[in-house]
Amino acid sequence: GSALTTQSLASANSLRAFPFYVAKAMKIDRIALNVTAQGTGTTPRARLGIYEDDGTIYPGKLVLDAGEINVSTTGVKQLTIDQALKAGKLYWLVLVGQDTASLTSSAIPVASAFATYIGFDATLTGTPILGYAVAQTYGALPATYPASATEWSLPVPLIAVRKV
């Protein structure tokens, strides 16, 4: 395909979650972001992690707090992890930014897009819901994803994992 040119910002203190379905059990050893514009601030950072689904197509219990990535420079930024994921489960890739950075998007929301795991609103029109966002002070990820997140329908940052 072609390169994505739409950017997705990692905003300070906004914990964002995006669905990731695992059809077959796997082990992953890397989690990464592609930073396309350096972050702002003294030491701009983003924290990555994984939550399991709570059974209602909403992030639940924390599976992995992968740690921090310095986003003061551009390029692919990765963390080494050691995480097994179970087959037939919905997981949520998450990030929370300390400062603002532009990250490569992996999905561009449009009205004609195929419905995601979350779907559309009750009218079945408009932009598909691609994830959730909730205010969260930057730091270690909470043990359970906070309640009352808002639906996310803007571009989704590329959070990549590497299967072993």
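## Structural notes on the side chain of S14
Here's step 1: With respect to the helices and strands, the residue S14 is situated in strand β2 (residues 14-22).
Here's step 2: Among the polar contacts made by the side chain of S14, one reaches the side chain of R16 at a distance of 3.0 Å.
Here's step 3: Excluding anything up to four places from it in sequence, S14 contacts L95, V96, G97, A133, V134 and Q136.

## Thoughts on the sheet that holds strand β4 (residues 45-53)
Here's step 1: With antiparallel pairing, the 6 strands of this open sheet are ordered in space as β5-β4-β7-β2-β9-β10. The open sheet has two free edges, formed respectively by β5 (59-70) and β10 (150-152), since each of these has just one partner strand. On average, adjacent strands in this sheet sit at an angle of 30 degrees to one another, irrespective of strand direction.
Here's step 2: Of the pairings in the sheet, the one linking β2 to strand β7 (residues 89-97) comprises 8 bridges and is antiparallel in character. When the bridges of β7 are listed, L15 appears paired with V96.

## Overview of the environment of V134
Here's step 1: On the secondary structure map, V134 appears in strand β9 (residues 131-135).
Here's step 2: What makes V134 buried here is its relative accessible area of 12%.
Here's step 3: Distance in space between the C-alpha atoms of V134 and R16 is 6.6 Å, their sequence separation being 118 residues.
Here's step 4: Every residue in contact with V134, bar those within four places of it in the chain, is listed here: N13, S14, L15, Y145, P146, A147 and A149.

## Observations regarding the pairing of β2
Here's step 1: Here β2 pairs with β9 via 4 bridges, running antiparallel. Its bridge partner lying in β9, R16 is registered against A133.

Scoring rules and cut-offs
- Residues numbered from 1 in each chain as written.
- Predicted model: local features only at pLDDT ≥ 70, side-chain atom pairs only at ≥ 80, totals over all residues.
- Heavy atoms only, no water.
- Helix = DSSP H or I, 4+ residues; strand = E, 2+ residues; numbered from the N terminus.
- Polar contact = N/O pair within 3.5 Å; in protein donor to acceptor, adjacent residues only side chain to side chain.
- Contact = heavy atoms within 4.5 Å.
- Pairing = 2+ DSSP bridges.
- Axes fitted to C-alpha atoms, helices over the stretch in contact; angles between N-to-C directions.
- Buried < 20%, exposed > 50% of the residue type's maximum accessible area, 1.4 Å probe, protein only.

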